[in-house]
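As a plain string of letters, each chain reads:
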Amino acid sequence: MRYSIAGSLLCCAAVVQAFKDTSPFLLFSSSELPSSMQIESQQLDTASSVLQNTKSLLSTCPSDVYIIIQQAALAVSDLTAYDSVPHMKAAIADSRVRATYTVTDVVYEGGNLAEELAEHIEKSCGKKVERRNAGLESANGNGNGVTLLTFSALSTGKVARAEELNDQDIMLNSVFYEHLSSGPEYTVIYTTTPIRFVLEQDVPESAIYQAEFDATAHIDLKRDFRVRADNSIKAPDRRPLFEKYQYFTPGIFMGLVVGILLLSILYVGLNAVSSLQVSYGAFDKEMGPSAQKKQQ
């Protein structure tokens, strides 16, 4: 049952990642979050919506320790691998975890989600923020406050990415995860940015090719339309009307022949009907049984 909650981010492992400009988001806490904001997992959401939901979840300042991790250039497939981040998965499956909030695909809209959350907690809860880019060994895993950890982008190679991600997971476990089961109330927030966004940032401006054309080089390609315009003027056709247009076409000729034939047949039929002569006595002649008796 606990692993079903811990695997809320892994529930979509069988689904192929269809969004290139998205990355996962994960939050798990040992504190009771507001009952009106019981959001466990979502498939797709925008970064602004995730930020608003997270602020609502942390509106009551439920924890003593806040660990915010910012990982650049991470895809959901990096976390759904079978042997990926085992210490993080174990921390989520810990019995102290009472609330989780995960989004498989967060549509990146710019900005720094981790920094905005750290500033929100600092302002709303009065917690001091400790920002670190490296040197995790010197961080205090049991102290109160907000710790913001920023990791650089992972390598582009699949094997190298997996090794770097697991190395970071080992460091996070030695500094934070292994102390969570017996320490104060905590909330861990794992934010990421899409891979494409980081790759586009790494491309230097000098590498972008800008085509330049000399306008004078195309002067000789201009066409002279004057000769074509002169050739397009034709003399008027002064032929007679019946020579210029054909009125008595084969179709009209065949129609006239068939029409004359049908009219002649109609004339013969009407003439035959009108030539019939019947006397009035034929209508007065009795043909019933009484007429037969008279003849006998």
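Quick caveat: nothing in here was measured; it's all calculated off a predicted structure.

A. Structural context of the overall build of the protein. Of regular secondary structure, the protein possesses 12 helices and 7 strands. Restricting the contact set of the protein to residue pairs at least 6 apart, pairs at least 24 apart contribute 84%. Summed over its atoms, the accessible surface of the protein is roughly 19500 Å², and 57% of this surface lies on carbon and sulfur atoms.

B. Region of the structure containing a nonpolar patch on the surface. Residues Phe248, Ile252, Phe253, Met254, Leu256 and Val257 make up a contiguous nonpolar surface patch of roughly 610 Å² in combined accessible area. Within the secondary structure, isoleucine 252 is located in helix α10 (residues 250–274). Residue isoleucine 252 is classed as partly exposed on the basis of its relative accessible area of 41%.

C. View of the pairing of strand β1 (residues 22–29). Along β1, 8 of the 8 residues are buried, which leaves the element largely enclosed by surrounding structure. Across 7 bridges, the pairing between β1 and strand β4 (residues 99–107) is antiparallel. Following the sheet pairing, serine 29 is matched in β4 by alanine 99. Note: β1 against strand β7 (residues 186–192), 4 bridges, orientation antiparallel.

D. Broad picture of α10. The end-to-end C-alpha distance of α10 is 36 Å, a good match for the 36 Å that 25 residues give at a rise of 1.5 Å each. Counting buried positions over the 25 residues of α10 gives 0, only a small fraction of the element.

E. Fine view of the pairing of β7. Counting buried positions over the 7 residues of β7 gives 7, a clear majority of the element. Both faces of β7 are covered, namely the face carrying Tyr186, Val188, Tyr190 and Thr192 and the face carrying Thr187, Ile189 and Thr191. As judged from the 7 bridges shared by strand β3 (residues 65–71) and β7, these two strands associate in the parallel manner. Looking at the pairing, isoleucine 68 lines up with isoleucine 189 of β7.

So, how was this worked out
- Residues numbered from 1 in each chain as written.
- Predicted model: local features only at pLDDT ≥ 70, side-chain atom pairs only at ≥ 80, totals over all residues.
- Heavy atoms only, no water.
- Helix = DSSP H or I, 4+ residues; strand = E, 2+ residues; numbered from the N terminus.
- Contact = heavy atoms within 4.5 Å.
- Areas by Shrake-Rupley, 256 points an atom, 1.4 Å probe, with all protein chains shown as cover.
- Patch = residues over 30% accessible without salt bridge, like charges linked within 9 Å, V, L, I, M, F, W, Y side chains within 5 Å.
- Salt bridge = Lys/Arg side-chain N within 4 Å of Asp/Glu carboxyl O.
- Buried < 20%, exposed > 50% of the residue type's maximum accessible area, 1.4 Å probe, protein only.
- Pairing = 2+ DSSP bridges.
- Expected span 1.5 Å × (residues − 1).

Shape is all these values report; function is a separate question.
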